[in-house]
Amino acid sequence: MSHAGEGVGHLGVLAGAALLSTLWFLWQLGWAPARVPAAPPALTVLVWHWPFADQPPELSSDTCVRYGVPRCRLSTNRSLLASADVVVFHHRELQSRRARLPLAERPPGQPWVWASMESPSHTRGLGRLGGVFNWVLSYRRDSDIFVPYGRLEPHAGPAPPLPAKSGTAAWVVSNLQERQRRVRLYRQLAPHLRVDVFGRASGRPLCASCLLPTVAPYLFYLAFENSQHRDYITEKFWRNALAAGTVPVVLGPPRATYEAFAPADAFVHVDDFGTVRELASFLVGMNESRYRRYFAWRDRLRVRLFGDWRERFCAVCTHYPRLPRDRVYRDLEGWFQA
Ligand SMILES: *[C@@H]1O[C@H](CO)[C@@H](O)[C@H](O)[C@H]1NC(C)=O
Ligand SMILES: *[C@@H]1O[C@H](CO)[C@@H](O)[C@H](O)[C@H]1NC(C)=O
């Protein structure tokens, strides 16, 4: 029995060797034994109106490749409506009616994306948009195309040195309205904590490239969102505070939301304190060893900002293959205000 089995085994080895050498021979001839599947064709993403601009930025054919997304073409050429794989509409221009939905010319089955990075408090006119859009692109984690304002990514190598500190707390604010929770909180904090205020609202406007060097010498940055909404964490947290090398004091969604994005000890949350006075004395009483712990994340993570609309729109292609084709936001307003 074992003898016969060995014989079959030898035959198998010989047949295998013959097959391998044949394949090797074919390969030498330039044959592929199994056809490599053809790359899927490029997707065309038509951006109906460029956000906050009449002129789009330069959109070359490799725009998305630069963001690590191959086979994805962004265009603002409206002649492509009939052929685009997907069309994206930025809300602000729909709200102001600078742009109108080409409902009559919409090809059957063409997915439309509603895009916005603003909070519900600064979003109007959603009521008339029910039943139009298939997918949502926003900072909300439950968006079809989730595009946060920033995130922490693993990073090896030494952390950049912390900026030298010479001030306590800085705040940059361009639009100051007394009814906003962030303004009320600032008014309550100011008697107990020195806060240096910059930005248009304070009469000390900052140029775009001046912001980071201006706030970096402060121990804390008041990363107060203009309104408090689910997942609404903006560049105030990612750029003005974390990327600048200051500790964010956050007013926004609950602590648990921030902890989904950043280590629990990377920020101070105003909800951690029963009163504004307690918050102020915690900040004023900070010592160096405790302060340094807020930056422990810098040894293994670095801030990645997502501020460019081109990168956000390229993300449509990344998600496209697995987005549900039969989804329709019948009550977009209800979804967004939730
Ligand atoms: C827009 O696309 C159409 C159709 O492909 C093309 O003929 C036209 O030249 C394009 N316009 C611009 C400004 O690129
Ligand atoms: C720093 O502050 C922390 C918390 O208040 C305290 O536990 C620690 O003893 C302080 N360290 C020094 C060196 O004062």
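As a reminder, the structure under discussion sits directly above these lines.
On a predicted model such as this, the values are computed, not experimentally measured, just so you know.

Rules of the game
Residues numbered from 1 in each chain as written. Chains lettered and ligands numbered in written order. Predicted model: local features only at pLDDT ≥ 70, side-chain atom pairs only at ≥ 80, totals over all residues. Heavy atoms only, no water. Phe/Tyr/Trp six-rings, centres within 6.5 Å; stacked < 30°, edge-to-face > 60°. Helix = DSSP H or I, 4+ residues; strand = E, 2+ residues; numbered from the N terminus. Buried < 20%, exposed > 50% of the residue type's maximum accessible area, 1.4 Å probe, protein only. Near = heavy atom within 4 Å. Polar contact = N/O pair within 3.5 Å; in protein donor to acceptor, adjacent residues only side chain to side chain. Areas by Shrake-Rupley, 256 points an atom, 1.4 Å probe, with all protein chains shown as cover. Pairing = 2+ DSSP bridges. Disulfide = S-S within 2.5 Å.

Draft legend 1. The arrangement of the packing of aromatic side chains in detail. For the structure shown, the criterion picks out 23 aromatic pairs. On the basis of an interplanar angle of 75° and a centroid distance of 6.2 Å, the ring pair of Trp238 and Phe261 is categorised as edge-to-face. In this pair, Trp238 is assigned in helix H5 (residues 235-243) and Phe261 in helix H6 (residues 255-261), connecting sequence segments 23 residues apart. Comparing Trp238 with Phe261, the two get one shared label, buried.

Draft legend 2. Highlighting the site of ligand 1. Around ligand 1, a shell composed of Asn77, Ser79 and Leu80 is seen. Within the side chain of Asn77, one N or O atom sits 2.3 Å away from an oxygen atom of ligand 1. Protein chains shield 24% of the accessible area of ligand 1, which is 360 Å² for the free molecule.

Draft legend 3. Highlighting the sheet that holds strand S4 (residues 112-115). Judged by pairing direction, the sheet is parallel, and its six strands sit side by side in the order S2-S1-S3-S4-S5-S6 without closing on themselves. The sheet is open, and its two edges are formed by strand S2 (72-75) and strand S6 (145-146), each paired on a single side. The pairing of S4 with strand S5 (residues 135-138) spans three bridges and is classified as parallel. Bridge assignment links Ala115 to a residue of S5, and that residue is Leu137.

Draft legend 4. Summary view of the state of the cysteines. A complete count under the given rule lists three disulfides for this structure. Between the sulfur atoms of Cys64 and its disulfide mate Cys314 the distance is 2.1 Å. Given an S-S torsion of about -85°, the disulfide between Cys64 and Cys314 has left-handed geometry. Residue Cys64 is found in the loop between strand S1 (43-47) and S2, and its partner Cys314 is found in helix H9 (residues 309-319); the two are separated by 250 residues along the sequence. Taken as a pair, Cys64 and Cys314 share a single burial class, namely buried. A sulfur-sulfur distance of 1.9 Å marks the disulfide that ties Cys207 to Cys210. One disulfide, between Cys207 and Cys210, carries an S-S torsion of 80° and so falls in the right-handed class.

Draft legend 5. Layout of unusual backbone geometry. For Arg71, which is not a glycine, the phi torsion comes out positive at approximately 50°. Here Arg71 lies in the loop between S1 and S2. Arg71 sits in the partly exposed class, given a relative accessible area of 40%.

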